Structure formats: C-alpha cells, structure tokens
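Here is how the chains run, residue by residue.
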Amino acid sequence: MTDLRSRTLVELQAEFAALGWPRYTAAQVFTWLWQKGVDDFAAMTNLSKEKRALLAERYRIGRLELIRTRKDADGTAKFTFKLADGNVIESVFIPDSPPDTRHSTFDIRTSVRRTVCVSTQVGCRLGCAICFTGALGFTRDLAWHEISAQVLAVRQYLGSPNPQFPIPNSGTPLSSLLTLHSSPRPSPLAPGPSSPVRSFVILASSFELPASAPRPSPLTPSPISNVVFMGMGEPFLNFDATIEAARTINAENGLGIGARRITISTSGIPEGIRAFARLPQQFRLALSLNASDDETRSRLMPVNKLHPLKEVMAAIREYSAAKGKRVTFEYVLVEGINNRDRDVKQLAALLKGIPCKVNLIPLNPFPGCHLKAPPEHSVEAFAKKLWPLVPAVTVRRSKGARILAGCGQLAGLTE
Ligand code: SF4
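Throughout what follows, the structure given in this document is the object of discussion. (Residues numbered from 1 in each chain as written. Predicted model: local features only at pLDDT ≥ 70, side-chain atom pairs only at ≥ 80, totals over all residues.)

1. Here's the deal with the site of the ligand
Then step 1. Taken together, 13 residues form the shell around the ligand, and within it Cys124, Cys128, Cys131, Gly134 and Ser267 come nearest.
Then step 2. Along the lines of polarity and charge, the residues of the shell around the ligand split into five nonpolar, seven polar and one charged. (Near = placed C-beta within 6 Å. Nonpolar A, V, L, I, M, F, W, Y, C, P; charged D, E, K, R; others polar.)

Structure follows, in structure tokens:
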C-alpha cells in the first residue's frame, strides 16, 4: 500500500484530482501529515467520513520507527531510526542554552536554539577521514520524506508528556562555546573612529548568551527552532530529495521552520552549490572545508581530488555573490595536520572577501580513527590567530560526543 507521507503536495493534488476531489483536500491532508503530524486517518477531522475511508483503503501513513535514543549529559540526544526497508539512520537533537542550575533537568522549552541534525543518506560514499559515517560506506539515498520525517519524529518525541532530558547537577557545561567576533562596526558614514575596536566575546562555560540571540517564547509551539543537514550523507549528492525535504520542513503547512533556520552542509559539490544558489528560498549554506590547501584537504576528504579547492571556492564565491549571504565554513581541527601556523594564513587568504563565519570543531574521536584533536590551548590559539583575519570565528566543542552524536560520529549503529 502506498505511503501517503511519501507524496508531495503536488502529487497529492494530482492523485486527488483523479478521484474528483478539490485541490484544497490535498492541502488539508498535507497539513494533517506534516504540520499536525497525525498518524491516523480518523484524526483528519475536517475530511468527510467517506474521504477518510477511501484514503484508508488506498494508503497507509508511514512513520520512522524509533529504535533507540541515547542522551548525553549536555542535553544532546541521538535518535536511531529504522526505515521501512530495515536500514538504520541517525538524527541528533542539540539544545543550546544555559541550563537552569536550580533544577536537575534541562528544559527544552526555554532553550534558545533547539536544533535537529538530519541525515540525507544511509551511509556516505565520500569516505572523509574525519567521519565515522564515511568509514562505513554507502547504502542508499534517503527519500525526501525519510529526511523530513526525522524532524517530525524528533518533534513528536519531544512533544511527549515528559520532554525533559536529565542533566547532572555537577555543572557540566551545556555548551562549551567560544565565540570570537568583532564588536558592532560603525557605519562608514557614521561619525566616530575610523577603525572600529574589536573585542572578544568568549562564551565558554559561563553560559552567557549574546544579547542578540533569538529567544523563543517558552510557549513556542514547536520544540524545534533550527534544522541542519549535517548528519549521515552528502546532501548535494541527493539534491532533489534534500531540497524537497527542506521545503517541507520550511512550509507553513509542513513543519514550519523558517528558511533562515535551515542550514545545508556540503563537503563541496560545485554543481550542488550552484543549484542551491538558484533556489528562491533563503536556506543557509555551510561548507565542510577542513583544510586550505589541496594536499591536506585531499588527505582528509578524498572528494577534494574530484573537486579541488579552486573549483569549490569558485562555486562558493558565486553563491555568496548571488545570495549576498554569509557562508559558514566548518573546519575540523586535526592535530599536526591542519592546525599549523601556515594553515591560519592560508585559510584567511582562501576566505578573503567572503562574508563568512568559521566554525572550528576539534576532531571528535570515533572507533578506528587514528587522527587526534589538538589540545585545548592549541585550539584556542588557532582561533585567536584566525579571528582578526576573518569576520567571525566560533570554536564549537561538539555536543553529544560521549554518545557518538557529535559532528562526524554518526554511523547508524544499533549496538
Ligand atoms: S563528513 Fe559528510 S561527506 Fe564526509 S564522509 Fe562524513 S557524511 Fe560523508
């Protein structure tokens, strides 16, 4: 029987037109499936009994089977899902805000960012040396609805009667985040000093949040504020499904997450970056860069041999010019490989003129990986050297590393 959730709105319109139903019925059904997240035809109460009966005869409503959740003390939760064909994927929920130290629980309703990281493929064929997914090879692409259903399933889980994740009272930093950015720059037309004074804002374990951070009301209906396509797989090697999923996650009658809160991260597929630039939506782009010269990058990311830096950065510059948006560059720091002084200079030169933020991520360990993260002082030294040379630098100590839910640690393991 056909899975009704595998149908886009346009497909529903066509299929329902063949039944002689008006167009708005497709919108009603789509809203029930994605915005309201119902799994039962009987719950679609604005459809007539006859329509519900006919739908139940012809379709089923598919959902991901949640087979495991693991929760880290920092509030991160990893979800392992079984697909209809038995394949397994993982998604991660990453809350980010100060914990309420008066209580032993972390309340997701008051966190500032509540991000879901989704997978786009079962495994990955790109084999990056910094990533557990890559070590396990590729099985298949996900369909668009299998991608957006991850957000729906996490939302349903968090919306359950007790959505709080326990954290210890020990004061474990919820977010070990070090952000370096410049103070607001005066307009060139405004009176004042010709060279703005730059300042460090260090968010380590103080839990102090930038004043400008979006702070959703505790009554915000969805427990999810952001979605990142940074889980298993290369999104731009499954482009159509990725974009259809992003549209559904964004749609008002879908999951209703703002386009600017949806980020798609690529390892650097130039034709994908260019196609992404042509989309009307304001989705955000991140590039997993990890090195600033071809030799080092090819060592960490074999895809660089196919699409060397010159080609990738040309596409990024075209994207930046076309969209006028800031690009996030992810840079996983690996001891002795890409954290040398010359890497700082090379990186700054590579990014020159691009409105951007660099996310430095000390390598997360995973089984079989022989690379190492630099020591903390070296990470901070790298950030401080880089920061004056690029618009913004963030050091992100991946959350969920203890449950293999950090950046580069997903593998769809069930044990
Ligand atoms: S980092 Fe991304 S592109 Fe590279 S192997 Fe892992 S999932 Fe694939």
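After that view of the structure, there is still more to cover.
2. Things to note about helix H1 (residues 9–18)
Then step 1. Residues Leu9, Leu12 and Phe16 constitute the buried set of H1. Along the axis of H1, the buried residues cluster in a sector spanning 55 degrees; they form a single face. Among the exposed residues of H1, those oriented more than 90 degrees off its buried face are Val10, Glu11 and Ala18.
Then step 2. Buried residues along H1 sit against helix H2 (23–34).
Then step 3. Following H1 by one or two positions, Gly20 has its phi on the positive side, about 80 degrees. (Buried ≥ 20, exposed ≤ 12 C-beta atoms within 10 Å, placed from the backbone. Helix = DSSP H or I, 4+ residues; strand = E, 2+ residues; numbered from the N terminus. Arc of directions from axis to C-beta. Contact = placed C-beta atoms within 7 Å.)

3. Topic: the packing of helix H7 (residues 270–277) against helix H10 (residues 309–323)
Then step 1. Packing of H7 against H10 leaves a shortest axis separation of 9 Å and a crossing angle of 5 degrees. Between H7 and H10, the interaxial angle falls into the category roughly parallel. Contacts between H7 and H10 involve Pro270, Ile273, Arg274, Phe276 and Ala277 from the first element and Glu311, Val312, Ala315, Ile316, Glu318, Tyr319, Ala322 and Lys323 from the second.
Then step 2. By residue class, the composition of the contact of H7 with H10 is nine nonpolar, no polar and four charged. (Axes fitted to C-alpha atoms, helices over the stretch in contact; angles between N-to-C directions. Parallel < 35°, antiparallel > 145°, perpendicular 65-115°, else oblique.)

4. Topic: the nonpolar core
Here is a general trend for soluble globular proteins: nonpolar side chains tend to be buried in one another's company.
Then step 1. Of all hydrophobic cores here, the largest spans 95 residues; its most connected members are Val151, Leu333 and Leu360.
Then step 2. If one sorts the elements of this core by residue count, helix H5 (residues 144–158) sits on top with seven residues.
Then step 3. For this core, the two domains that each supply at least three residues are domain 1 (2–60) and domain 2 (66–187 + 194–403).
Then step 4. Discounting chain neighbours no more than four positions away, the residues touching Leu360 are Tyr331, Leu333, Val379, Phe382, Ala383, Val393, Thr394, Val395 and Arg396. (Core = buried A, V, L, I, M, F, W, Y, C linked by C-beta atoms within 7 Å. Domains from an automatic or database assignment.)

5. Let's talk about H10
Then step 1. The terminal C-alpha atoms of H10, which comprises 15 residues, lie 21 Å apart, in line with the 21 Å expected from a rise of 1.5 Å per residue.
Then step 2. By the burial criterion, the buried members of H10 are Leu309, Val312, Ala315, Ile316 and Tyr319. Mapping the buried residues of H10 onto a view down its axis gives an arc of 135 degrees, with all of them on the same face. In H10, the exposed residues that point more than 90 degrees away from the buried face are Lys310, Ala321 and Ala322.
Then step 3. At its buried positions, H10 is contacted by H7, strand S14 (284–288), helix H8 (294–300), helix H9 (303–306) and strand S15 (327–333).
Then step 4. Of the residues one or two after H10, Gly324 is the one with positive phi, at around 60 degrees. (Expected span 1.5 Å × (residues − 1).)

6. Quick word on the packing of helix H11 (residues 341–351) against helix H12 (residues 376–386)
Then step 1. Put simply, H11 and H12 touch, their axes get as near as 10 Å, and they point 40 degrees apart. The orientation of H11 relative to H12 falls into the category oblique. Between H11 and H12 lies a crossing of right-handed hand. Facing Val344, Leu347 and Ala348 of H11, the residues of H12 in contact are Phe382, Lys385 and Leu386.
Then step 2. Across the contact of H11 with H12, the residue classes tally to five nonpolar, no polar and one charged. (Left-handed = near helix turned anticlockwise from the far one by under 90°.)

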